[in-house]
Each structure stands twice: as structure tokens, then as C-alpha cells.
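Okay, here's what each chain looks like letter by letter:
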Amino acid sequence: MTEIAVDIKIFSVKDAEIEIVDNDNLEVIPAFDIVGGETVAVKVYGNRKLDTKQLQDECKRTGCARNEETKIQNAFTCSLKRPIRTVCRITVDTVALANYQKQFDEIEAVEGALLLKNSHLKAFPKMKMLRKIRQNKLGEPVLIIEDNPELDDISALFKLQIDLNHGVSPEDAVYFNNNPKLCITNEMYQEPFIIKFFKRLPLCGEFKKYSLRPAKTEPPFNFSSQQIGWCQPIT
């Protein structure tokens, strides 16, 4: 099915629930005219070919976006819990890497964060096609590296482009905690990525005497180790 089988182009909704979920080929839905948005719940997600902008704008205008049950995908998104298709390359949310999945090799950009937590990996996983991370939510980091007792190599991150929201400090866009073997070596010290994002990472061994930056104490982030996300096609 490529469109909802209704003849009308505008669909009025009041005191109701809209649910359009997991339709791989759905491309067209009516424009919605929502009345009394506080009493309307909207559940639209998992429709990888669907442009939801009109529905998102209408929900914001009428107030249904404040309904706790409302969940509307961004345009052309699909869940990472399902197999990534050839048209789906941009994930939106947090991607947990402790249990690396082969489908992650197809991801080219992340809008949200990469999370490596509670792993025994020695090296940060290299996502073969990943080129860019964009900060999705103001105040949340784009990289979370926590509780990895064997991790000592993050070179897989060095070539990534990271786009932050306006006014966000690069050092505040990453969070690392309790990675006892992770430190800056002499070779890493001049790496532009380290200089920009990881100045607070401790220095290794004898190199510690050159440290000029105190470690930053931060509360641990309560990110789930369960990978969650959306993906959208590249335009």
C-alpha cells in the first residue's frame, strides 16, 4: 500500500487516536485538521517513505504534541530495531555499540549520540560508513564512553565530523567516565580530534607530567544500553 485509501484530502480529527505504524511502502496520507489537540493522541512511526511534516506541524499548532501518548516520527524515518534498508542510512537517537551489529556498518550519519558502555572492548568500534555525528538534543553529549575496563583505543573516532548545536563547547559534547586504560599517549597528543574534544582525558604514564588540564567531574549519564534509534534516507 502506497497511500491511505481515502478520497478526501483533508481529514478532521477530534477526541480520537491516529495510529499509522510500520508501513514499509506508505508514501501518502491525508492532511490532518486536528480539533482540540489535547484530546488527540498521534502514533506515527516506522513508515520509512512517509513525509510527516504536515502532521507534526498540525500537532504542534493544536497541542496534541503535549499528549504523553503522542509519538510522531521525523519525515522518512525507520526504526533501527528492524533491518536497515538500502535507502536508510541516517540514524536519529542513541546508538549503543557494546553489542555491535553488522547493520551498523551501513550507517553514514548519526543525529544523536554514540554510546559505548559496559563493554570489554579494547578499541572503540569502527563503523565502516560513518562520517558524521550531529547533536540532536541541546545539553546531551554526542559521545558517551563509560565503564569500559579494557578500552584504550578511540582512534576510530578521529576522522568523524561532529556538528554541535550553536553555543555548545566541544569539551561539553563528550562524556567519559570509568575507562581506566583510556588515556592520551604521546602520539595522540597532537591529534586534532583529541585537542578539540578530549582535552580532559588523562595523560598516560610518564606523559602525565605534561598535563595542564584537570579532569572534569560529572554525574554519570543514565543512558540505556539497549540500542534505540530511527533512520532516514539520504536525500
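Shown above is the structure to which this text applies.
Just so we're clear, the structure is a prediction, and the values are computed from it rather than from any experiment.

What counts and what doesn't
Residues numbered from 1 in each chain as written. Predicted model: local features only at pLDDT ≥ 70, side-chain atom pairs only at ≥ 80, totals over all residues. Heavy atoms only, no water. Helix = DSSP H or I, 4+ residues; strand = E, 2+ residues; numbered from the N terminus. Contact = heavy atoms within 4.5 Å. Polar contact = N/O pair within 3.5 Å; in protein donor to acceptor, adjacent residues only side chain to side chain. Disulfide = S-S within 2.5 Å. Buried < 20%, exposed > 50% of the residue type's maximum accessible area, 1.4 Å probe, protein only. Salt bridge = Lys/Arg side-chain N within 4 Å of Asp/Glu carboxyl O.

A few words now on the environment of D15. Mapped onto the fold, D15 is located in the loop between strand 1 (10-14) and strand 2 (17-21). Not counting the four nearest positions on each side in its chain, D15 is found in contact with V35, T39 and V40. For D15, the side chain forms a polar contact with the side chain of T39, separated by 2.6 Å.

This part is about the state of the cysteines. Counted according to the given criterion, the structure contains two disulfides. Residue C59 pairs covalently with C64 via a disulfide, S to S 1.7 Å. The same class applies to C59 and to C64, which are both buried. Note on cysteine connectivity: C183 is disulfide-linked to C204, with sulfurs 1.9 Å apart. Taking the torsion about the S-S bond as the criterion, the C183 to C204 disulfide, at about 105°, is right-handed. A residue pair is termed long-range when its members are at least 10 positions apart, and C183 in the loop between strand 12 (174-177) and helix 2 (192-197) and C204 in the loop between helix 2 and strand 13 (230-232) qualify at 21 residues. On the basis of relative accessibility, which here comes to 17%, the residue C204 falls in the buried class.

With that settled, the discussion passes to the pattern of salt bridges. One pass over the structure, following the stated rule, counts twelve salt bridges. The residue R66 makes a salt bridge to E38 at a minimum N-O spacing of 3.2 Å. Of the two residues, R66 sits in the loop between helix 1 (53-62) and strand 5 (71-72) while E38 sits in the loop between strand 3 (31-35) and strand 4 (41-45), which places them 28 residues apart along the sequence. With a relative accessible area of 62%, R66 lands in the exposed category.

Everything listed is a geometric property; what it means functionally is a separate question.
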